[in-house]
Amino acid sequence: MADKQSFDTLIVITPKDFTRLVRLYPRLISNIDYGRIFLISSKETESIISTNPELAGKFAVVDENDLIRFDDVHECIRKKMENILAGRELPRGITGWYYQQFLKMQYAFVCRDEYYMVWDGDTIPCKKITMFQEESGKPYLDMKHEYHAEYFETMGTILPGFGKVTERSFISEHMLFCTDIMRELISDIESNESIPGTKFWEKIINAIPEEKIQNSAFSEFETYGTYVALKHIDAYKLREWHSFRQGGNFFKIDTISDRDFEWLSKDFEAISFEKGHEVREDNANLFDNPYYQEKLTPKQMLQAAQLEYKDGYKEVWADDMDAASANTTSGSFLSDEVVPESPLKYLEKDTYRIYEELGDKLVGKNMNQAWLCYENAEFLCEDEEIRKGIRKKKKDTEASGRVTVNKTAIIVLSYNNLYFTQRCIESIYTNCNPDSYFLVILDNASTDGSQEWLTTWGEAHDEALIILNDENLGFSAGNNAACQYVPEDHDIFYLNNDTRLPANALFFMRMALYSADDVGGVGGLQSYADADQLEDVKFDLPEQYVEFGASHNVPMENPLEEQSKLCGFAMLISWKAYLETGGFDEQFNPGFLEDDDLSLRIRNLGYKLIVCHNSYIYHAGSQSFIKRNDTNELFRKHRELLIQKWGFDSSKYAVMSVNELEFIKTIEAKGFDRDSSFNLLHIGCGCGNMLGRVHFMYPNAHLYGIEPNDDVRRFTIFCVNVYKDISELPIDISEFDFVAKGLG
């Protein structure tokens, strides 16, 4: 009876992720045979399918914008977060998290079958998937063990009276929706007149507090499963489902074999390869080892491996003692303890060799960078005898008389949000060499217990300086006050307290600062950012971002990108540049655009500003301004102040727009690679941010800009040629391979 059922399967996926996983998709096709499989994606995915003969004719691609326009959802979220964004662009990754869920729900209105299934694009079946109970013919509602508080908070707002009804979770990387029930659910959401909006997705967005939107505060699976449990309890049969969600940490997409899938199928229905997961050296040749596969079941292997997990998702079974409390998460994990861990938590034990060898290569080329490499190698090395040898190399570089590296003063402002401050400190103590920094924490009259906690913590940590203010000085004045306690010859690292430093983040920023004498400031990458410093990754937990950072912050051939300004969330300034600028302009209190102003003042002195692509730092984003209701007015006022000071709007001329990022993609689309040489002209280039990104990606390109505004042109980056008018160009416009104009 069940075998006669037919329904569509939807996979919402980006072209990039489809390309990453395409090798395994024939297995998905062979194991899900209930009907048509639709890829909900952009049109680019169709061309990827056409180049893979095994997939041709097996998938149909539905343009995601035919269901719901991405830009409509993006604009709705932007308006909701307007106070927090304060004029900055909303990262598309935040919208993407919600958008893919809304697409799955919206499909109910075009579905002609009784059911349709949604399947996570990064999950591959290990065996034939059955979705109906043989005895009754009822569909399965599959369950796992997970709990995320924000999902139920949002659910209780959009569906008053609804809440968690079962110990287990409905989040299982797939779900078979009953079309009529989904339509009914959407109708109930849309009929909730207490929430602004007309469409269900507008009401869901508007039901989430603005400060929680970036914390993944809605689940279509949890909402639908709870709705069924409360209103259609007899429509489904519940089933415990097991998928290997951490699969990407133990198997490589390009080497996992039929034998591996056959072995996995003994205990798992499917395996997931989440973006950002990779096989570390200590996990290699473990789960895919025939010897271990013969001796142990997949369940036994994973249970043993999970004993080493401190954070991240754990697969549990009903007979596990901690099943009821497994994977319980929220927007934060409250703890008043700061417990530094080993810097090798996400690194290999011999990682130090990488930096020792890099130091050897830099000796004679850049003694400052060589010294920094030896300092880092010594910090990461656990073998005292080996450390002695590294220490000798460090002293030899000092003996050359050419090492001028300063210690770093890390300046952290605290204002309420004690938990964020604690985790920030913890990450510093875990991942930064204690000999490399001096920590200054200034509390701006917190009222949440931060001052009491910092007092107690500071008494046990004489190496850090704790300053407690009786009044809130604001961001600019607070940082300036903290810097008054910094000894001479310390580079200044302004670090927001809602950040976490992953392994090697500060090290690579210091490497960038000492890459040349004319570098005045360095910034890192973050996920909460404008395009200029954005690393667009999305995880559920802050610790997952820290783990990603450890894998991302590694030596790169060319990690440095010159830009016209830096974001103040994590801004490393040379001691010379700090002395000449005097820190932040306190006219910008309590905050907004003070980092733009400081960037321009550093540039005005002739220094370069560098974005360091191998320094990723987790940033929660705008925690200090969440509860203010005047952020738009602050931003407007400070933008006018900037224009008065410098003659132009930095939020317009010193940023990289989405259109400019899209233009850059056309270069690769035309077949140019990193070694290519071509001529590019950007008319209306502003301060040259887009040209800086192109120079970073294509160092052999010949780049020219036209910027008629004299004030703006004074601040164009140094690595490109910018002119006032086309008539000043040294070559004819017909000789350019690319001409960009009107990109905003």
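Each value, and the rule that gives it
Starting afresh in each chain, residues are numbered from 1 along the sequence in its written order. A pLDDT threshold of at least 70 governs which residues receive local features in this predicted model, and a stricter bar of 80 or more applies before side-chain atom pairs are shown or counted, although totals over entire chains, interfaces and linings include all residues. Think of the side-chain values as coming from all heavy atoms in the structure, minus any hydrogens and water. Comment: elements are numbered from the N terminus, with helices defined as DSSP H or I runs of at least four residues and strands as E runs of at least two. Every radius of gyration here is taken over C-alpha atoms, with the globule rule written as 2.2 Å times N^0.38, N being the number of residues. Using a 1.4 Å probe on the protein chains alone, a residue whose accessible area is under 20% of its type maximum counts as buried, one over 50% counts as exposed, and one in between counts as partly exposed. By the convention used here, residues are in contact when the closest approach between their heavy atoms is within 4.5 Å. Residue burial considers only the protein chains on display, and all accessible areas are found by Shrake-Rupley using a 1.4 Å probe. When charges are counted, Lys and Arg are positive and Asp and Glu negative, with His and the chain ends excluded. We put the charge of a Lys on NZ, of an Arg on CZ, of an Asp on CG and of a Glu on CD. Buried residues of nine kinds, namely Ala, Val, Leu, Ile, Met, Phe, Trp, Tyr and Cys, make up a nonpolar core once their side-chain atoms join them within 4.5 Å. In the cavity and pocket records, a cavity denotes points on a 1 Å grid over the protein atoms alone where a 1.4 Å probe fits but cannot get out, a pocket denotes an open set with protein on both sides within 12 Å along at least 5 of 7 lines, and lining residues are residues with an atom within 4 Å of a point. Grid points are joined across faces, edges and corners, and a volume is the space filled by probe spheres set on the points. Charged means Asp, Glu, Lys or Arg here, nonpolar means Ala, Val, Leu, Ile, Met, Phe, Trp, Tyr, Cys or Pro, and polar covers whatever is left, Gly included. Each helix should span, by expectation, one fewer than its residue count multiplied by 1.5 Å. Polar contacts, as counted here, are pairs of nitrogen or oxygen atoms within 3.5 Å of one another; within protein the pair requires one atom able to donate a hydrogen and one able to accept it, and residues that are adjacent in sequence qualify only if both atoms are side-chain atoms. Following DSSP output, two strands are said to pair if at least two bridges run between them. Whenever Lys or Arg places a side-chain nitrogen within 4 Å of a carboxyl oxygen from Asp or Glu, that contact is recorded as a salt bridge. Stacked, tilted and edge-to-face are the three classes assigned to paired rings of Phe, Tyr and Trp, where Trp is represented by its six-membered ring and a pair needs centres within 6.5 Å; plane angles under 30 degrees give stacked, over 60 edge-to-face, the rest tilted. Consider the ring centre and the ring normal. A charge sits over the ring if Lys NZ or Arg CZ is within 6 Å of that centre and within 35 degrees of that normal. Under this scheme, a helix contributes an axis fitted over its contacting stretch, all axes are lines through C-alpha atoms, and angles between N-to-C directions fall in the 0 to 180 degree range. Note that the term roughly parallel is reserved for angles under 35 degrees, roughly antiparallel for angles over 145, roughly perpendicular for angles of 65 to 115, and oblique for everything else. Each helix crossing is assigned a hand: it is left-handed if the near helix lies turned anticlockwise from the far helix by less than a right angle, otherwise right-handed if that turn is clockwise. Patch definition: residues with relative accessible area over 30% and no salt bridge; like charges joined within 9 Å; nonpolar side chains (Val, Leu, Ile, Met, Phe, Trp, Tyr) joined within 5 Å.

Engineer: How do you make sense of the overall build of the chain when you look at a structure like this?
Structural biologist: When helices and strands are tallied, the chain shows 29 helices and 26 strands. A globule of 744 residues ought to have a C-alpha radius of gyration of about 27 Å, and the chain, at 27 Å, matches this closely. Its C-alpha atoms give the chain principal-axis dimensions of about 80 × 65 × 55 Å. When burial is assessed residue by residue, the chain has 58% of its 744 residues classed as buried. Across the chain, every contact between residues at least 6 apart in sequence was considered, and the portion connecting residues at least 24 apart equals 79%. In the structure as shown, the chain presents an accessible area of about 30900 Å², 47% of it carried by carbon and sulfur atoms. Mean positive and mean negative side-chain charge positions of the chain (77 and 123 charges, respectively) differ by 2 Å.

Engineer: What exactly am I supposed to notice about the nonpolar core here?
Structural biologist: One finds Tyr25, Phe102, Tyr224, Phe251 and Ile271 to be the most contacted residues of the largest nonpolar core, which totals 104 residues. Per-element tally for this core: the top contributor is helix α7 (residues 92–106), with seven residues. Apart from residues no more than four positions distant in its own chain, phenylalanine 251 is found in contact with Phe244, Ile256, Asp260, Trp263, Leu264, Ile271, Phe273, Val279, Phe287 and Asp288. In this structure, Cys432, Phe507, Tyr514 and Cys612 belong to the second largest nonpolar core, which totals 57 residues.

Engineer: Explain empty space enclosed by the protein to me, please; I cannot follow it from the model alone.
Structural biologist: Taking a probe equal in size to a water molecule and rolling it over the atoms shows the remaining empty space. Inspection of the entire model under this criterion finds two cavities of 30 Å³ or more. By volume, the largest cavity amounts to about 100 Å³. Lining the largest cavity, in full, are Glu375, Asn376, Asn431, Cys432, Asn433, Ser436, Asn504, Leu506, Phe507 and Arg510. Those elements that provide at least two residues to the lining of the largest cavity are α16 (367–380) and α21 (505–513). For the lining of the largest cavity, the leading source of residues is α21, giving three residues. Broken down by class, the residue content of the lining of the largest cavity amounts to three nonpolar, five polar and two charged.

Engineer: What is the right way to read helix α11 (residues 220–231) from this model?
Structural biologist: Given 3.6 residues per helical turn, the α-helix brings residues three or four places apart onto the same face. Its 12 residues give α11 an end-to-end C-alpha distance of 16 Å, which sits within 8% of 16 Å, the value for a rise of 1.5 Å per residue. Here α11 lies mainly inside the structure; nine of its 12 residues are buried. Among the residues of α11, Glu220, Phe221, Glu222, Thr223, Tyr224, Gly225, Thr226, Tyr227 and Val228 are the ones counted as buried. In this structure, the buried side of α11 is in contact with α7, β4 (115–119), β6 (140–143), α8 (149–158), β8 (174–178) and α9 (179–190). Two or three places before phenylalanine 221, at the start of α11, stands the capping residue serine 219, its side-chain oxygen 3.3 Å from that residue's backbone nitrogen.

Engineer: What's the story with the pairing of strand β15 (residues 465–468) in this structure? I'm lost.
Structural biologist: Remember that side chains alternate between the two faces of the sheet whenever the strand is regular. In terms of strand pairing, strand β14 (residues 437–443) meets β15 through four bridges, oriented parallel. Counted as the bridge partner of leucine 442 is isoleucine 467 from β15.

Engineer: Sorry if this is basic, but what is going on with the pattern of salt bridges here?
Structural biologist: Any two side chains of opposite charge can pair if their charged atoms end up close together. Evaluation of the coordinates by the stated rule reveals 43 salt bridges. Three or more residues are tied together by salt bridges with common partners; here these are Glu378, Glu384, Arg387, Arg391 and Lys394.

Engineer: Teacher, can you tell me more about the packing of aromatic side chains here?
Structural biologist: The description of an aromatic ring pair uses the distance of the two centres, along with the angle that the planes make with each other. Within this structure, the stated rule accounts for 49 aromatic pairs. Arranged with centres 5.2 Å apart and planes meeting at 90°, the rings of phenylalanine 18 and tyrosine 25 form a pair that is edge-to-face. With respect to class, phenylalanine 18 is no different from tyrosine 25; both count as buried. Residues phenylalanine 162 and tyrosine 227 carry aromatic rings whose centres are separated by 5.7 Å and whose planes lie at 15° to one another, so their mutual orientation is stacked. Remark: tyrosine 227 occurs in helix α11 and phenylalanine 162 occurs in the loop between α8 and β8; sequence separation between them is 65 residues. One aromatic cluster is present, built from ring pairs that chain together Phe38, Tyr107, Tyr116, Phe177, Phe221, Tyr224 and Tyr236. Geometry around tyrosine 140 places arginine 239 over its ring, the cationic atom sitting 3.9 Å from the centre. Over the aromatic face of phenylalanine 718 sits the side chain of arginine 603, whose NZ or CZ is 5.2 Å from the ring centroid.

Engineer: Before we go on, may I ask you to explain the packing of helix α15 (residues 352–362) against helix α17 (residues 384–399) in this structure?
Structural biologist: Angle between the axes and distance between the axes: these two values describe a pair of packed helices. At a minimum axis distance of 11 Å, the contact between α15 and α17 shows a crossing angle of 25°. Here α17 runs roughly parallel to α15, going by the angle between their axes. In terms of crossing hand, the pair formed by α15 and α17 is left-handed. In contact with Tyr352, Glu356 and Asp360 of α15, α17 contributes Ile386, Ile390 and Lys393. Among the residues forming the contact of α15 with α17, the class breakdown is three nonpolar, no polar and three charged.

Engineer: Which parts of the structure should I look at to understand the side chain of aspartate 443?
Structural biologist: For aspartate 443, the position within the fold is in strand β14. Polar side-chain contacts of aspartate 443 include one of 2.8 Å to the side chain of glutamine 451. With sequence-adjacent residues up to four places away left out, aspartate 443 is seen in contact with Ser414, Tyr415, Ser450, Gln451, Leu454, Ile467, Leu468 and Asn469.

Engineer: Hey, could you run me through the side chain of lysine 104 in this one?
Structural biologist: Tracing the sequence through the fold places lysine 104 in helix α7. Residue lysine 104 is classed as buried on the basis of its relative accessible area of 5%. When residues no more than four places from it in sequence are discounted, the contact partners of lysine 104 are Val12, Tyr116, Val118, Asp120, Phe177, Glu220 and Phe221.

Engineer: Which parts of the structure should I look at to understand a nonpolar patch on the surface?
Structural biologist: Together, Ile726, Ile733 and Val739 give the surface a local cluster of nonpolar side chains, amounting to about 220 Å² of exposed area. Position of isoleucine 733 relative to the elements: it lies in the loop between β25 (721–723) and β26 (738–741). The class of isoleucine 733 is partly exposed, set by a relative accessible area of 37%.

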